[in-house]
Amino acid sequence: MVSPRKSFRAALFFLFFYAKTTNSFVVRSEKTLLASLLRAADANEGSVAVSRSDGSKHHLAYRIVRPMSLSSRQAAPIVALHGGPSVPSNYLYPLEQVVPYRAIVFYDQLGCGKSDEPSDLSQYSIQDSVQDLKNLLEKLGVRRFHLYGQSYGGILAFEYMKHLANTNDNGVECLSAVLSSAPTNVKQIEAEADRLIEVLKSEQAATDEISDEELNNLFQKTHQCRLEEMPKILADAYANAGTVWRGTAAIADYAATPPKEDAARMPSSMILRGEYDFVSEESVEGWKSAFNTKFLRYKTLEGCSHHGMLEKGDLYGDTLDSYFGEYD
């Protein structure tokens, strides 16, 4: 039998153990947040082509909510980067409800959702994903925006901003960024997950034996999403995650490093996490030395874990919009 520790680490914070537990997730039909997604604001959908150094071409699917506001000077759009690698972007769609008037650009990174999923691993890397993001924004004509990345999406957001700083790219204006529940070091977050698992296991052992499945569910409800039942939109994203390039194994050696000494200043950024998030305070401390901006803010959302937007949507949305509003 695989130990609970090894099984947790195999999937960890990107895929969140969906393979074991998807069938137990149900819809919170009494809640209006997810139902309101059916009445979404006007949106444009399509795809753009991206290429690799070997000449291969792939398509990335995008969805732009409130496209008429893309060029707003009073409320710049948000470019949203999903987690994973390879958890599709639909679990982030509640952003359009909790931040109700900004344009938002969603897209599925290569390997998941409605985007292409090449079987060749050489088509995937963080740097390739950075170039994909650059190409997407160029082809969509998005030049002035705020950047938002959730979980692995926060890592991608950082690497994109670092690339802009290292190349002194003045072609776009990234006004600010929010890295939500994004760790700086994959090995460190794996170790932190191990620690949290052992804490839960020891607490339960004091009263009764706990099975691997029960421990799995307890970890989810304590550190991943603290709602009584997992929202269907999140369960669906996990269940339909990509299968080629995914999870911590895909980026096992990642550790954030600062830009070059002569790089331009990176945008002002906020590091956001939940009070019970398995991306702990220690797991985000490294962003202080990775960013070369003096304007780096930390905020912890009380009562939230890894998916604060789904747990406390109003608080989460107000936090994002207030921060972005400072830099419009």
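Residues numbered from 1 in each chain as written. Predicted model: local features only at pLDDT ≥ 70, side-chain atom pairs only at ≥ 80, totals over all residues. Heavy atoms only, no water.

Student: Teacher, can you tell me more about the overall build of the protein chain here?
Tutor: In terms of helices and strands, the protein chain carries 14 helices and eight strands. When the 328 residues of the protein chain are sorted by exposure, 56% land in the buried category. A separation of at least 24 residues holds for 80% of the contacts in the protein chain among residues at least 6 apart in sequence. Total accessible area on the protein chain is roughly 14100 Å²; 48% of this is exposed by carbon and sulfur atoms. (Helix = DSSP H or I, 4+ residues; strand = E, 2+ residues; numbered from the N terminus. Buried < 20%, exposed > 50% of the residue type's maximum accessible area, 1.4 Å probe, protein only. Contact = heavy atoms within 4.5 Å. Areas by Shrake-Rupley, 256 points an atom, 1.4 Å probe, with all protein chains shown as cover.)

Student: Mind showing me how you'd approach the pattern of salt bridges here?
Tutor: Side-chain pairs of opposite charge can arise whenever the charged atoms involved come near each other. Taken as a whole and assessed by the stated rule, the structure comprises 16 salt bridges. For Arg144, the salt bridge is made with Glu173, and the minimal N-O distance between the two is 3.8 Å. Highlighted residues: Arg144 in strand S5 (residues 144-150) and Glu173 in strand S6 (residues 173-180), separated in sequence by 29 residues. On the accessibility criterion, Glu173 (41% relative accessible area) is partly exposed. Among the charged side chains, a salt-bridge network with shared partners connects Glu45, Arg63, Glu96 and Lys114. (Salt bridge = Lys/Arg side-chain N within 4 Å of Asp/Glu carboxyl O.)

Student: It is not clear to me how the pairing of strand S4 (residues 104-107) should be interpreted in this structure. Could you clarify?
Tutor: Two faces make up the sheet, and in a regular strand the side chains alternate between them. Of the two faces of S4, the one lined by Ile104 and Phe106 and the one lined by Val105 and Tyr107 are each fully buried. In this sheet, S4 lies alongside strand S2 (residues 57-65) in antiparallel orientation, the contact comprising four bridges. In the strand pairing of S4, Tyr62 is matched with Tyr107. Taken together, the two bridges between strand S3 (residues 78-81) and S4 define a ladder with parallel strand orientation. When the bridges of S4 are listed, Ile78 appears paired with Ile104. (Pairing = 2+ DSSP bridges.)

Student: What exactly am I supposed to notice about helix H6 (residues 152-167) here?
Tutor: For an α-helix, the turn length of 3.6 residues means that residues three or four places apart are oriented alike. Its 16 residues give H6 an end-to-end C-alpha distance of 23 Å, which sits within 8% of 22 Å, the value for a rise of 1.5 Å per residue. Counting buried residues in H6 gives 14 out of 16 residues, a clear majority hidden from the surface. (Expected span 1.5 Å × (residues − 1).)

Student: Where do I start with unusual backbone geometry in this structure?
Tutor: For the bond running from Gly84 to Pro85, omega is -5°, close enough to zero to count as cis. Topologically, Pro85 is positioned in the loop between S3 and helix H4 (95-98). The backbone of Arg66 sits at a positive phi, close to 55°, despite the residue not being glycine. Mapped onto the elements of the fold, Arg66 is located in the loop between S2 and S3. Even without being glycine, Ser181 reaches a positive phi, approximately 55°. Mapping Ser181 onto the fold places it in the loop between S6 and helix H7 (186-205).

Student: Help me out: how do you make sense of the side chain of Thr222 in this one?
Tutor: Note that Thr222 resides in helix H8 (residues 212-224). Under the relative-accessibility criterion, Thr222 is labelled buried at 16%. When residues no more than four places from it in sequence are discounted, the contact partners of Thr222 are Leu200, Tyr276 and Ser305.

Student: It is not clear to me how the sheet that holds S6 should be interpreted in this structure. Could you clarify?
Tutor: With respect to topology, eight strands assemble into an open sheet ordered S1-S2-S4-S3-S5-S6-S7-S8, the strand pairing being mixed. A strand with exactly one partner marks an edge of an open sheet, and here the two such strands are strand S1 (43-51) and strand S8 (296-301). Taken over all neighbouring pairs, the strand axes of this sheet differ in orientation by 25° on average, direction set aside. The sheet strands contacting helix H5 (residues 126-140) are S1, S2, S3, S4 and S5, and the helix crosses S1 at an angle near 130°. (Axes fitted to C-alpha atoms, helices over the stretch in contact; angles between N-to-C directions.)

Student: Mind showing me how you'd approach the confidence of the model for the protein chain here?
Tutor: Parts of the prediction with low pLDDT should not have their coordinates interpreted in detail. For the protein chain, mean pLDDT is 88; residues scoring 70 or higher make up 87% of the total. Across residues 1-40 the pLDDT falls below 50, and counting only partners more than four positions away or on other chains, this stretch makes 98 contacts in the model. (pLDDT = per-residue confidence, 0-100.)

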